[in-house]
Amino acid sequence: MTRFYSEHSRYYVSVDCIVFGFDEGKLRLLIGRRQMDPGRGEWSLYGGFVREDESLEDAAHRTLQELTGLKRMYLKQVGAFGAIDRDPGERVISVAYCALINVKDYDERLLQEHEVTWVNLDELPQLYSDHNEMVRKALTLLRRRIGREPLSFNLLPDLFTLTQLQQVYEAILGTEIDKRNFRKRVKEIDFIEKTELIDKLTSKRGAALYRFNKRMYNGNTNFKL
């Protein structure tokens, strides 16, 4: 790489991944103990430094694939974090990305390999540096988008009940939703399809299973729930 701008200081650039999951009616976050100095042993998001031959988004996808083993997932940039003293080791500017995955898709072996764990968002401990602020901003982003983008389906299995769908919305929004009105709106959306299958594991009475039709959704700009 040609060396220009030598009169200016050089800084490190990293990506931090805010990985949300949903399980047992709770919004969850993937965190682990930091395995490097400074801050070794502190709870932290999973991240890494951007390589010279990759873009920010490429770095985020690579980091997430290393962590989860998954190639396709919802990924959005949350913002840049560049406080002068945010990292006591060096001047590091971090760009945070938010990802949504189905907890059941995550291989337990990778949890152990990377020494990470799922924690309920309402039980989140103090994280390293400004990582708690990253999480708060990511949640704000989700709350702004969930009513006009089908984000919730990234957190659910392919087949889900309306109760599970409502629980995802309530977990992200942090408030209860009227069951009757919610179900009425869902039934007006043509790309949320009711199947002939019945869930007998999580519902004693047996609840109908639904699925998200991605093909039907493509090009639909009128989504609102």
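Our structure's up above, just so we're on the same page.
Here's a quick rundown of the structure. Note on numbering: residues in each chain are counted from 1, in written sequence order. This being a predicted model, a pLDDT of at least 70 is required before a residue's local features are given, and a value of 80 or more before pairs of side-chain atoms are given or counted; all residues contribute to the totals for chains, interfaces and linings. As a rule here, side-chain values cover all heavy atoms of the structure and leave hydrogens and water aside.

Time to look at the layout of surface pockets. Roughly 710 Å³ of volume is contained in the largest pocket. What lines the largest pocket is a set of 23 residues, and nearest its centre among them are Phe153, Asn154, Asp158, Phe212 and Lys214. Note on conventions: DSSP H or I runs of at least 4 residues are helices, E runs of at least 2 residues are strands, and numbering of each starts at the N terminus. Elements that contribute at least two residues to the lining of the largest pocket include exactly strand S5 (74-81), strand S9 (207-212) and helix H6 (214-217). Side-chain classes follow a simple rule in which Ala, Val, Leu, Ile, Met, Phe, Trp, Tyr, Cys and Pro form the nonpolar group, Asp, Glu, Lys and Arg form the charged group, and the remainder, Gly included, forms the polar group. A breakdown of the residues in the lining of the largest pocket according to their chemical character gives 13 nonpolar, three polar and seven charged. Both cavities and pockets are sets of points on a 1 Å grid over the protein atoms alone; in a cavity a 1.4 Å probe fits but cannot get out, in a pocket the set is open with protein on both sides within 12 Å along at least five of seven lines, and lining residues sit with an atom within 4 Å of a point. Grid points are joined across faces, edges and corners, and a volume is the space filled by probe spheres set on the points.

It is worth spelling out a nonpolar patch on the surface at this point. Two distance rules govern patches: like charges are joined within 9 Å, and nonpolar side chains (Val, Leu, Ile, Met, Phe, Trp, Tyr) within 5 Å, applied only to residues with over 30% relative accessible area and no salt bridge. All accessible areas in this document rest on Shrake-Rupley with a 1.4 Å probe, and a residue is counted as covered only by the protein chains that are shown. Salt bridge, as used here, is a side-chain nitrogen of Lys or Arg placed within 4 Å of a carboxyl oxygen of Asp or Glu. On the surface, Tyr12, Met36 and Phe49 cluster together into a nonpolar patch covering about 310 Å² of accessible area. You can see Phe49 is positioned in strand S4 (residues 46-49). By relative accessible area, Phe49 is classed as partly exposed at 41%. Exposed residues in this analysis have more than 50% of their type's maximum accessible area, buried residues have under 20%, and partly exposed residues fall in between, with area computed by a 1.4 Å probe over protein chains only.

Our next topic: the nonpolar core. By nonpolar core we mean a set of buried residues, namely Ala, Val, Leu, Ile, Met, Phe, Trp, Tyr and Cys, connected to one another through side-chain atoms within 4.5 Å. Counting 44 residues, the largest nonpolar core has Ile18, Phe20, Leu29, Leu142, Leu165 and Ile192 as the members making the most contacts within it. Where this core is concerned, the elements lending two or more residues are strand S1 (12-23), strand S2 (26-33), S5, strand S6 (92-100), helix H3 (131-145), helix H4 (162-173), helix H5 (179-187) and S9. The residues touching Leu142, leaving out its near neighbours within four places in the chain, are Phe20, Tyr74, Cys98, Leu100, Leu151 and Ile172. Grouped together as the second largest cluster of nonpolar side chains are 20 residues, Ala60, Ala99, Ile101 and Val103 included. The contact definition used throughout considers only heavy atoms, calling two residues in contact when any of these lie within 4.5 Å.

Take the packing of aromatic side chains next. In this analysis, rings of Phe, Tyr and Trp, with Trp reduced to its six-membered ring, are considered paired at centre separations within 6.5 Å, and the interplanar angle assigns stacked below 30 degrees, edge-to-face beyond 60, and tilted for intermediate values. Under the counting rule described, the total for this entry stands at nine aromatic pairs. Over the ring of Tyr128 we find Arg34, and its NZ or CZ is 4.0 Å from the ring centre. In this scheme, Lys NZ or Arg CZ marks a charge over a ring once it lies within 6 Å of the ring centre and within 35 degrees of the ring normal. When the ring centre of Tyr11 is taken as reference, the NZ or CZ atom of Arg91 above it lies at 5.0 Å.

Read these as geometric descriptors, not functional statements.
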